[in-house]
Amino acid sequence: MTTFAEALVAALHARGTRHLFGVPGGGSSLDLIEACGKLGVQFVMARGETAAVLMAAATAEITGAPGAALAGVGPGAASAVNGMAYCMLERAPVVLFTDRVPDDPNRPSWHQKFDQTAMFAPVAKHAAYITPATSGEEIAALLDAMTGHPAGPAHVDMTAAEAGRAYADAVPAPQSVAGALPPELERMAAMLDGTMKVALIAGIQSRHAGEGVRALAAALNAACLTTYKAKGAIADDNPRLVAQFTGGTAEAAVLHEAGIVVLAGHDPVEAIPGKWLYDAPVLALSTWDWTAEGGHPAPEIMAVGDLDAMARQLAQTARGADWDAAIAGHRKSYRNRVAYPAVEGVSPDDAVNTVQVSAGEAARLCCDAGAHMIPALAQWIAREPVGVLKSNGLSTMGYALPAAIGSALADPDRPVVAITGDGGAMMCLGEMATAAELGLDITYVVLNDSALSLIDVKQRNQQRPRSGVASETFDFATISRGFGWPAATVDRLDHLQPSLDLLKTYLGPKLLDIRIDPSGYGAQFEAMRG
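To keep things clear, this report deals only with the structure shown in the data block. Because the structure is predicted, anything quoted here is derived from the model rather than measured. (Residues numbered from 1 in each chain as written. Predicted model: local features only at pLDDT ≥ 70, side-chain atom pairs only at ≥ 80, totals over all residues. Heavy atoms only, no water.)

1. Points about the overall build of the protein chain
For clarity, the threshold we go by: Going along the chain from the N terminus, every DSSP run of H or I of four or more residues is numbered as a helix, and every run of E of two or more is numbered as a strand. Between two residues, a contact is recorded if the distance between any of their heavy atoms is within 4.5 Å. All accessible areas in this document rest on Shrake-Rupley with a 1.4 Å probe, and a residue is counted as covered only by the protein chains that are shown.
A tally of regular secondary structure across the protein chain gives 22 helices and 18 strands. Along the first, second and third principal axes, the C-alpha atoms of the protein chain reach 75 × 60 × 45 Å. Restricting the contact set of the protein chain to residue pairs at least 6 apart, pairs at least 24 apart contribute 76%. Carbon and sulfur atoms provide 53% of the accessible area of the protein chain, an area that totals close to 20,700 Å².

What follows is the structure, encoded as structure tokens:
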């Protein structure tokens, strides 16, 4: 007999899912965990529901296959909302299974009972209560919609009794459909005739279309920018890579000089609030039409389809003017602009550069939200797509360690570095136990300045009294040793490399608490965003 839970896990396995993360409740969670053991899907017990969903999201973003998580009824489900909001705004295909209080007239209950599907509806592409009466076609449609464009999460509510019942229907395998190239490419090629300076912005969609996007950038002689989520789609050490596109002022000069702006995989969710300020015509290659939902900027021409195929096709005939000298100048100017100012203590720039050299070129960075993200992402050199994982559309804190756990499981041969601030580290301390139990090779770097520094900068910029943003200086090295992690604390730059060398001699996760000088954040934030 195949149970309903087994049919669901088998359908996910057929789509490439290899891990299920969660904090189990006593209902359908137990059926799903048992099914995982039978079907070659590893269940990973997290310490928090949001962290579990973030782990699942990391596996989805790395592999392209759906991620999977579970949570118990009531408080468990409610605790997963932030993780689902991440998946919705970061375009991560993750299914969250939650236990459901059964509607049993013989055992009526209001305990832990509320409309969970309604709670998840705003942060899921689909939120549904399913039973063994749900057809295989319906289940396949729900799962495959997650990886449709734009990708996003699904929520599934299920009772224990229904999860354990026999399921006779078959869930169809996923179908791949190759569409024709859109005719708009010919109009784009006519505009890209070699006479105009071209700037190309690679967005979140380009993470799995890197070769095509790189070929197009080369054909156009383009000044290139990448968003945080697309970092590495154009290698950071490529001389044509000028800047990171955030919607701020740091990248404005090169975009003002461009005669045409090409958006390759753009998603409006990635830019900070503000109007598009550039006069050049915009051409957009996208997997979905975000203008239909009010996204900006309004392109003169938009081509919708397979991004890699469209970029490769356009690269065959489209050309841009040669402006290599100007691109080199913009690249140098941008790097000077966003560099952390000289400070007396350890600067984030020095910390990040030293950590990356120690970790090696193959290491993936998982970066938390906060003031530290600006120097971390400016300094870290990514040379391939998905070389960096970062919460951008939601910009949630407490992200780096769960993402690193997901990365280490999905891509176990690749070293992973998680960089967070002290605020983000405090939000997911329990996941240090998860990493320890799994023995994962994670280097966890806490840039410790005893404050919510990004909020501190904003508070100061608004000329408010400093309040509610600072904390005591906590000893993360001592905390981590309680979880069995080797750890070190550094407050001088000349102690950083020896500490890294020592930690590299240990297997499994390790932590480095770096006491940084935060005095340069305000100037850096102003230079980056204006």
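The structure having been displayed, the exposition proceeds.
2. Examining the state of the cysteines
The test is simple: Cysteine sulfurs are considered disulfide-paired once they come within 2.5 Å of each other. For every residue, the accessible area (1.4 Å probe, protein chains only) is compared with the maximum for its type, and the residue is labelled buried under 20%, exposed over 50%, or partly exposed between those bounds.
Scanning all chains against the criterion turns up 0 disulfides. Not engaged in a disulfide, the cysteine Cys36 finds its nearest cysteine sulfur in Cys87; these two sulfurs lie 17 Å apart. Judged by relative accessible area, Cys36 falls into the buried class, the value being 2%.

3. Here's the deal with the pairing of strand 17 (residues 487-490)
As a reminder of what qualifies: At least two DSSP bridges between two strands are needed for those strands to be called paired. Note on handedness: a crossover is taken as right-handed if, strands pointing away from the viewer, the path from the first strand over the helix to the second is clockwise.
Of the strand pairs in this sheet, strand 17 and strand 18 (residues 510-515) are connected by 4 bridges, and their pairing is parallel. By the bridge assignment for strand 18, Val490 is matched with Ile514. Taken together, strand 17, helix 21 (residues 496-503) and strand 18 form a β-α-β motif whose crossover is right-handed.

4. Thoughts on helix 13 (residues 324-338)
Short version of the rule: For a helix, the expected span equals 1.5 Å multiplied by the number of residues minus one.
Taking 1.5 Å of rise per residue, the 15 residues of helix 13 would be expected to cover 21 Å, and the 21 Å separating its terminal C-alpha atoms lies within 8% of that figure. Looking at the buried positions of helix 13, the neighbouring elements they touch are strand 8 (223-226), strand 9 (241-244), helix 11 (252-257), helix 15 (373-379) and helix 22 (521-529).

5. Concerning the packing of helix 3 (residues 49-63) against helix 16 (residues 400-410)
Rules: The axes are straight lines fitted to the C-alpha atoms, using for helices just the contacting stretch, and the angles between their N-to-C directions are given from 0 to 180°. Here roughly perpendicular refers to angles of 65 to 115 degrees, roughly parallel to angles under 35, roughly antiparallel to angles over 145, and oblique to all remaining angles. Two helices cross in a left-handed way if the nearer one is turned anticlockwise from the farther one by less than a right angle. They cross in a right-handed way if the turn is clockwise.
Where helix 3 meets helix 16, the closest approach of the two axes is 7 Å, and the angle between their N-to-C directions is 45°. If you check the angle between helix 3 and helix 16, you find them oblique. In the crossing of helix 3 with helix 16, the sense of the turn from one axis to the other is right-handed. Between helix 3 and helix 16, the contacting residues are Ala51, Leu54, Met55, Ala58, Thr59, Ile62 and Thr63 on the first element and Pro402, Ala403, Ile405, Gly406, Ser407 and Ala410 on the second.

6. Digging into the nonpolar core
Stated formally: Definition used in this section: a nonpolar core is a set of buried Ala, Val, Leu, Ile, Met, Phe, Trp, Tyr and Cys residues joined via side-chain atoms within 4.5 Å.
One finds Leu255 and Ile514 to be the most contacted residues of the largest nonpolar core, which totals 59 residues. The element best represented in this core is helix 15, accounting for 4 residues. Ignoring sequence-local partners within four residues, the contact set of Ile514 consists of Val346, Ala351, Val445, Val446, Leu447, Asn448, Val490 and Leu496. Core analysis: the next-biggest nonpolar cluster, separate from the first, contains 53 residues, Ala46, Val53, Ala58 and Ala60 among them.

7. Observations concerning the sheet that holds strand 15 (residues 416-421)
Strand order in this open sheet of 6 strands is 14-13-15-16-18-17, and the pairing throughout is parallel. Looking at which strands have only one partner, the edges of the open sheet turn out to be strand 14 (388-390) and strand 17. Strand-to-strand twist across the sheet, computed as the mean angle between neighbouring axes with direction ignored, equals 15°. Pairing geometry for strand 13 (residues 364-367) and strand 15, over 4 bridges, is parallel. The residue of strand 15 that forms the bridge with Cys366 is Ala418. Sitting on the sheet, helix 16 is in contact with strand 13, strand 14, strand 15 and strand 16 (442-448), with an inclination near 170° to strand 15.

8. Section: helix 10 (residues 210-219)
Every buried residue belonging to helix 10 is among Gly210, Gly212, Val213, Leu216, Ala217 and Ala219, and all of these are buried. Looking at the packing, one finds that the buried side of helix 10 touches strand 7 (198-202), strand 8, strand 10 (260-264), strand 11 (282-286) and helix 12 (307-317). A positive phi of about 50° marks Asn221, the residue just after helix 10.

9. A few points about the sheet that holds strand 5 (residues 126-129)
Strand order in the open sheet made by the 6 strands is 2-1-3-4-6-5, with parallel pairing throughout. The open sheet has two edge strands with one neighbour each: strand 2 (42-45) and strand 5. When strand polarity is set aside, the average angle formed by the axes of neighbouring strands in this sheet is 20°. Of the strand pairs in this sheet, strand 1 (residues 19-23) and strand 3 (residues 67-71) are connected by 3 bridges, and their pairing is parallel. Bridge assignment links Val23 to a residue of strand 3, and that residue is Ala71. Strand contacts of helix 7 (residues 136-147): strand 4 (94-99), strand 5 and strand 6 (154-158), with the helix running at about 150° to strand 6, the strand carrying the most contacts.

By themselves, these observations are geometric and do not establish any function.
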